[in-house]
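# An overview of the molecular structure
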Amino acid sequence: VLRTPFCDRFALEHPIVQGSFGPWSSAELSAAVSAAGGLGSIGTALRSARALRDDVARVRSLTSAPFAVNHTVRPFDEELFDVTLELTPPVVSLALGDPGDLVARAHEAGALFVQQVHSVPAAVRAAEAGADAIIAQGAEAGGFGGSVAALPLVPQVVDAVAPVPVLAAGGIADGRGLAAALVLGAQGVNVGTRFLAAAEAGIPAAWQERIASASSDDAVKVDFAPLVFPPANRPGAYDVRPRALTTPFVEAGNADPAAVERGAAQLATELVSAVRAGRAHELVPFTGQSAGLVRDVRPAAVIVRSMVEEAERAIAAAGRIPAR
Ligand SMILES: Cc1cc2nc3c(=O)[nH]c(=O)nc-3n(C[C@H](O)[C@H](O)[C@H](O)COP(=O)(O)O)c2cc1C
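In what follows, the accompanying structure is described.

Basis of the calculations
- Residues numbered from 1 in each chain as written.
- Predicted model: local features only at pLDDT ≥ 70, side-chain atom pairs only at ≥ 80, totals over all residues.
- Heavy atoms only, no water.
- Buried < 20%, exposed > 50% of the residue type's maximum accessible area, 1.4 Å probe, protein only.
- Helix = DSSP H or I, 4+ residues; strand = E, 2+ residues; numbered from the N terminus.
- Arc of directions from axis to C-beta.
- Contact = heavy atoms within 4.5 Å.
- Pairing = 2+ DSSP bridges.
- Axes fitted to C-alpha atoms, helices over the stretch in contact; angles between N-to-C directions.
- Near = heavy atom within 4 Å.
- Polar contact = N/O pair within 3.5 Å; in protein donor to acceptor, adjacent residues only side chain to side chain.
- Areas by Shrake-Rupley, 256 points an atom, 1.4 Å probe, with all protein chains shown as cover.
- 1 Å grid on protein atoms, 1.4 Å probe; cavity = no way out; pocket = protein on both sides within 12 Å on 5 of 7 lines; lining within 4 Å.
- Sits in = over half its atoms within 2 Å of the grid points.
- Nonpolar A, V, L, I, M, F, W, Y, C, P; charged D, E, K, R; others polar.
- Points joined across faces, edges and corners; volume = space filled by probe spheres on them.
- Left-handed = near helix turned anticlockwise from the far one by under 90°.
- Right-handed = clockwise from strand over helix to strand, strands pointing away.
- Core = buried A, V, L, I, M, F, W, Y, C linked by side-chain atoms within 4.5 Å.

### Things to note about helix H6 (residues 120–129)
- Ala122, Ala123 and Ala126 are the residues of H6 that are buried. One side of H6 carries all its buried residues, which in axial view fall inside an arc of 100°.
- Of the surrounding secondary structure, the elements contacted by the buried residues of H6 are strand S5 (112–117), strand S6 (133–137) and helix H7 (150–161).
- Positive backbone phi, at 105°, marks Gly130, one or two positions downstream of H6.

Right, dumping it as structure tokens:
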């Protein structure tokens, strides 16, 4: 039931993409999602060429299924992008800024290209640049994003870029979300927060436990982030703020952005070293509003399978809603 043209184009069994987690990537998670018939993503943000090469080799040793390598423009690492192309992944994805010539470069390397957007104009620019699929991500999402929610954004992007396939993102953590995305005209979903609480995710247990007990209200926009996160360094960067679970750092910064601005240089250094030391979740545990739907840590394959089965049931049930 749930095979869409996107599945055929990307050689997937299921229309489910595991969104990149940038510095918090796990080759085991990406491989598990791909092996389960979805599309796993390897992140590159703030990572080394060595880590990227190791991850790609590890995923290839675990599955022959397609996978994606993700880049962002916050910051964009030109050398690492070259390494990605050299590794010839089946799919390259980009977030947080216009792709421009990166689409053609990925195509030359034999990869399909997926662009994540948070607005209709950015979606149109990505389609014009030749993207093979577009992720329309609502403000509910974990990590960096815009201000428009998925429910209004997805159908607008579907209309604006047709016939380019659209994947819905933001707030989707179960099969009902997948079914809803398909009804909105999307051909699949890009899921982050649900997969952060996968057994293979490799993030600290304390972060996963917080996700499993959080309510949606606990995942807030970090409004002061542009002052302390690495800046975008490509033209056409999107205006974005991350969403994260509340911590004393997030609450203090949102309450007094002027103080953040005064200490910005030092905070920025602390933040990047916290990311590199695996402690960033103590400051900004990037997580979406769908945390409220996530109550357990499960193997990625179980997440994929139950999402598909539940979506099939939800679509069948919707077909029985009486109409007159
Ligand atoms: C911890 C974390 C890190 C992320 N890092 C990236 C990244 O490096 N590149 C990217 O394209 N998206 C990144 N995202 C966004 C996710 O890939 C995905 O698009 C988003 O989480 C989907 O929304 P959801 O959390 O509501 O499922 C990140 C999200 C989280 C939660």
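### What to know about the sheet that holds strand S1 (residues 16–18)
- Here 8 strands make up an open sheet; going across it, the order is S1-S9-S8-S6-S5-S4-S3-S2 and the pairing parallel. Two strands in the sheet have a free side with no partner beyond their single neighbour: S1 and strand S2 (40–43). Direction aside, the axes of adjacent strands within the sheet are offset by 25° on average.
- Two strands pair when backbone bridges link them, and S1 and strand S9 (residues 188–191) are joined in this way by 3 bridges, in the parallel orientation. The residue bridging Val17 from the neighbouring strand is Asn190, located in S9.
- Where helix H2 (residues 27–35) meets the sheet, its contacts fall on S1, S2 and strand S3 (67–72), and the angle it forms with S2 comes to roughly 160°.
- The strands that helix H8 (residues 175–183) touches are S1, strand S8 (166–169) and S9; relative to S9, the one it contacts most, it runs at about 135°.

### Let's talk about the site of the ligand
- Around the ligand, the surrounding shell holds 22 residues, and the nearest of these are Ser20, Asn70, Gln137, Gly171 and Thr193.
- Within the side chain of Gln137, an N or O atom sits 2.5 Å from an oxygen atom of the ligand.
- Backbone polar atom of Gly192 to an oxygen atom of the ligand: 2.8 Å apart, as the coordinates give it.
- Within the complex, 96% of the 610 Å² of free accessible area of the ligand lies under protein.
- More than half of the atoms belonging to the ligand lie within 2 Å of the grid points that define the largest cavity.
- Elements supplying a minimum of two residues to the shell around the ligand: S3, S9 and helix H9 (193–196).
- Looking at the shell around the ligand residue by residue, the classes come out as 8 nonpolar, 14 polar and no charged.

### Thoughts on empty space enclosed by the protein
- Tallied over the entire structure, the rule returns 1 cavity of 30 Å³ or more.
- By volume, the largest cavity amounts to about 740 Å³.
- What lines the largest cavity is a set of 47 residues, and nearest its centre among them are Ser20, Phe21, Gly142, Gly143 and Phe144.
- Elements supplying a minimum of two residues to the lining of the largest cavity: S3, strand S4 (91–95), S5, S6, strand S7 (143–145), S8, S9 and H9.
- Counting residues per element, the lining of the largest cavity draws most heavily on S4, at 4 residues.
- By residue class, the composition of the lining of the largest cavity is 27 nonpolar, 19 polar and 1 charged.

### Structural notes on the packing of H6 against H7
- The geometry of H6 relative to H7 is characterised by a closest axis approach of 9 Å and an angle of 35° between their N-to-C directions. Seen along the crossing, H6 lies across H7 with a hand that is right-handed. Every residue of H7 that contacts H6 at Val120, Ala123, Val124 and Ala127 is listed here: Leu153, Gln156, Val157, Ala160 and Val161.

### With respect to the pairing of S5
- For S5, the tally of buried residues reaches 6 of 6 residues, placing the bulk of the element in the interior.
- The alternating pattern of S5 places Leu112, Val114 and Gln116 and Phe113, Gln115 and Val117 on opposite faces, both of which are buried.
- The pairing of S4 with S5 spans 4 bridges and is parallel. Paired with Val91 across the bridge in S5 is Leu112.
- Crossover handedness for the path S4 to helix H5 (residues 102–108) to S5: right-handed.
- The pairing of S5 with S6 spans 4 bridges and is parallel. Along S6, the bridge assignment pairs Val117 with Ala136.

### Comments concerning the nonpolar core
- Counting 85 residues, the largest nonpolar core has Ile134, Phe195, Ile211 and Val284 as its most contacted members.
- Setting aside its immediate chain neighbours within four residues, Ile211 contacts Thr193, Leu196, Ala197, Ile203, Leu245, Thr287, Ala291, Val294 and Arg295.
- If you look at the next biggest cluster of nonpolar residues, it comprises 13 residues, including Leu12, Leu112, Ile135 and Ala169.

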